[in-house]
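Observations on the model geometry
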Amino acid sequence: MAKIKAVTVHGGHNPAGKIASGASDYIDESRENRIVTKKVVHLLKKNGIKAYDCTVNNGTSQLDVLRKICAKCNSKVRDIDISIHFNSADHQRKRDGKTMGTEVWVKNNSAIRGELAKRICGRISKVGFRNRGVKTTSALWFLNKTTKPALLIEVCFVSDPDDAALYKKRRDDVAKAIVQAILDYNKAH
């Protein structure tokens, strides 16, 4: 497998307050995924990897946001596409000392996407989030409509106060973990 030389990264969904914005509870997904995206793009460039921010801020519907994101990603010469998200479940009122955790979704575990997804889960879990692992699905538009291997990262849960507290304290470390997983992948190949 070849080294990763170029990456697209985007915050999923429209911005907060618009149609098709992300989940919001203790954390606002649409706000935070853009912050993480900017940090990841900056750190990738700093480490000699071409990185493109393909975030969309003007979608007219959920499908329009997805189409625009995929069109932006597919217009770039790159090796991999990464979508930054935050998960959501039932609202938890109290902290229980355990995070719900991080996971990465891929269409399948083959080649670069499976190995990189596993590395990203491992690195983000070292920040302190429970490692929920790599999940496969054929039901996510982004994973199916990009022309390069794609990963959808669910950083943590917006609805868990433990996840939110850890994320707010370690936001920069989450972005560093994603980038370090890519650098680790390149060292191994």
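Residues numbered from 1 in each chain as written. Predicted model: local features only at pLDDT ≥ 70, side-chain atom pairs only at ≥ 80, totals over all residues. Heavy atoms only, no water.

**Brief notes about the overall build of the protein chain**
Cut-off, in case you're wondering: Helix and strand labels come from DSSP, where a helix needs a run of H or I of at least four residues and a strand needs a run of E of at least two; each type is numbered from the N terminus. Based on C-alpha atoms, the radius of gyration is set beside the globule rule, defined as 2.2 Å times the residue count to the power 0.38. Relative accessibility thresholds used throughout: buried, under 20% of the residue-type maximum; exposed, over 50%; partly exposed, between the two (1.4 Å probe, protein chains only). Contact between two residues is taken to exist if any of their heavy atoms lie within 4.5 Å; hydrogens are not considered. For the area figures, the Shrake-Rupley method with a 1.4 Å probe applies, and any residue is considered shielded solely by the protein chains shown.
Check the secondary structure of the protein chain and you find five helices and six strands. Going from N to C terminus, the protein chain has its helices and strands arranged as β-α-β-α-β-β-α-β-α-β-α. By the compact-globule yardstick of 16 Å for 189 residues, the protein chain fits well, its C-alpha radius of gyration being 15 Å. With the principal axes as the frame, the protein chain shows a C-alpha extent of 45 × 40 × 30 Å. Classification of the 189 residues of the protein chain by burial places 50% in the buried group. When contacts within the protein chain are restricted to residue pairs at least 6 apart in sequence, long-range pairs at least 24 apart make up 78% of them. Per element, the accessible surface of the protein chain, about 8,700 Å² overall, is 49% carbon and sulfur.

**Thoughts on unusual backbone geometry**
In this structure, His 13 takes a positive phi of about 80° despite not being glycine. With respect to the secondary-structure elements, His 13 resides in the loop between strand E1 (6–11) and helix H1 (29–46). Non-glycine residue Ala 111 carries a positive phi angle of around 50°. By the element assignment, Ala 111 lies in helix H3 (residues 111–127).

**Focus on the sheet that holds strand E2 (residues 50–53)**
The criterion, for reference: Strands were regarded as paired on the criterion that DSSP finds at least two bridges between them. Lines are fitted to the C-alpha atoms to define the axes, a helix being fitted only along its stretch in contact, and any angle between axes, read from their N-to-C directions, falls within 0 to 180 degrees.
Ordered in space as E2-E1-E3-E6-E4-E5, the six strands form an open sheet in which the pairing is mixed. The sheet is open, and its two borders are formed by E2 and strand E5 (131–136), each paired with just one other strand. Looking at each pair of strands side by side, their axes are set apart by 20° on average, direction ignored. Relative to strand E6 (residues 150–157), strand E3 (residues 80–87) runs parallel, the two being bridged by six bridges. Within E6, the position partnered with Ser 83 by the bridge is Leu 152. Taken strand by strand, helix H5 (residues 161–188) contacts E3 and E6, and its axis lies near 155° from that of E6.

These figures capture arrangement, not role.
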